[in-house]
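# Breakdown of the fold
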Amino acid sequence: MNQTTKHPLIGTLIRDGMTVFYAFIQGKYTEGTEQELEKALKPKKKHSGFTRGSGRYLCGHCGRSTRDDGNGDSVNVGLCSQCYEVAGIENQISDGNYKDEDEKAKFEAEIEALNNIVRARGGKP
Ligand SMILES: [Zn+2]
């Protein structure tokens, strides 16, 4: 079950014995092949709100104007670093990558804490 995918934001589930790939693209649950999802997670230059040189762009999930903080992939998927982390943790939970309910609760608390940061800064998680 704990099959690893190349992209940190792509999760997998098993349906009718088949592996189904999914990701939250611009905050929307999307299914497709791994290749399709990777392609969809790449930045769309025209609509991302990314301004060359300034390092600022709009988060596709909470809508905040955010900047490239050097946190790697968060820019490529058009998310602020909080939403990026939330998406990663949500994937951990839905992939069952936790050892017990305590650890799951910790993950959920982490998501809530990150969403609170987003809210405090004017975003809509
Ligand atoms: Zn965000």
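These figures come from a predicted structure and were not determined experimentally.

Residue position: Gly-27 is located in the loop between strand E2 (18-25) and strand E3 (28-32). For Gly-27, a count of 16 C-beta atoms within 10 Å translates into the label partly exposed. The spacing of Gly-27 and Cys-59 is 32 residues in sequence and 9.6 Å in space, taken between C-alpha atoms. Leave out the neighbours within four places in its chain, and Gly-27 touches Gly-60 and His-61.

Attention now goes to helix H3 (residues 81-94). A rise of 1.5 Å per residue sets the reference length of H3, with its 14 residues, at 20 Å; its end C-alpha atoms lie 20 Å apart and thus fit the reference within 8%. Looking at H3, one finds that the buried residues are Ser-81, Gln-82, Cys-83, Tyr-84, Val-86, Ala-87 and Asn-91. Count one or two residues on from H3 and you reach Gly-96, which has phi positive near 75 degrees.

Once that is clear, we can look at the packing of H3 against helix H4 (residues 101-120). At a minimum axis separation of 9 Å, H3 and H4 run at an interaxial angle of 160 degrees. By the angle class used here, H3 and H4 are roughly antiparallel. Between H3 and H4 lies a crossing of left-handed hand. Along the contact surface, H3 presents Gln-82, Cys-83, Glu-85, Val-86, Ile-89, Glu-90, Gln-92 and Ile-93, while H4 presents Lys-104, Phe-107, Glu-110, Ile-111, Leu-114, Asn-115, Ile-117 and Val-118. Taken together, the residues of the contact of H3 with H4 break down into 9 nonpolar, 3 polar and 4 charged.

What follows covers the sheet that holds E3. Reading across the sheet, the 3 strands line up as E1-E2-E3 and stay open at both edges, with antiparallel pairing between neighbours. Only two strands of the sheet have a single partner each, and these edge strands are strand E1 (10-15) and E3. Ignoring which end each strand starts from, the neighbouring axes of this sheet average 35 degrees apart. With 6 bridges connecting them, E1 and E2 associate as antiparallel partners. In the sheet register, Arg-15 faces E2, and the bridge partner there is Met-18.

The biggest cluster of nonpolar side chains holds 20 residues, and the ones touching the most others in it are Leu-9, Ala-23, Leu-79, Cys-83 and Ala-87. When residues no more than four places from it in sequence are discounted, the contact partners of Leu-79 are Cys-59, Gly-60, His-61, Ser-74, Tyr-84 and Ala-87.

On to the confidence of the model for the protein. Confidence in the prediction of the protein, expressed as mean pLDDT, is 84, and 82% of residues score 70 or more. Mean pLDDT across the elements of the protein ranges from a minimum in helix H2 (residues 73-76), with 73, to a maximum in H4, with 96.

Across 5 bridges, the pairing between E2 and E3 is antiparallel. Bridged to Phe-24 within E3 is Tyr-29. Joining the antiparallel neighbours E2 and E3 is a turn of 2 residues, in which Gln-26 adopts a positive phi near 50 degrees.

So, how was this worked out
Residues numbered from 1 in each chain as written. Predicted model: local features only at pLDDT ≥ 70, side-chain atom pairs only at ≥ 80, totals over all residues. Helix = DSSP H or I, 4+ residues; strand = E, 2+ residues; numbered from the N terminus. Buried ≥ 20, exposed ≤ 12 C-beta atoms within 10 Å, placed from the backbone. Contact = placed C-beta atoms within 7 Å. Expected span 1.5 Å × (residues − 1). Axes fitted to C-alpha atoms, helices over the stretch in contact; angles between N-to-C directions. Parallel < 35°, antiparallel > 145°, perpendicular 65-115°, else oblique. Left-handed = near helix turned anticlockwise from the far one by under 90°. Nonpolar A, V, L, I, M, F, W, Y, C, P; charged D, E, K, R; others polar. Pairing = 2+ DSSP bridges. Core = buried A, V, L, I, M, F, W, Y, C linked by C-beta atoms within 7 Å. pLDDT = per-residue confidence, 0-100.

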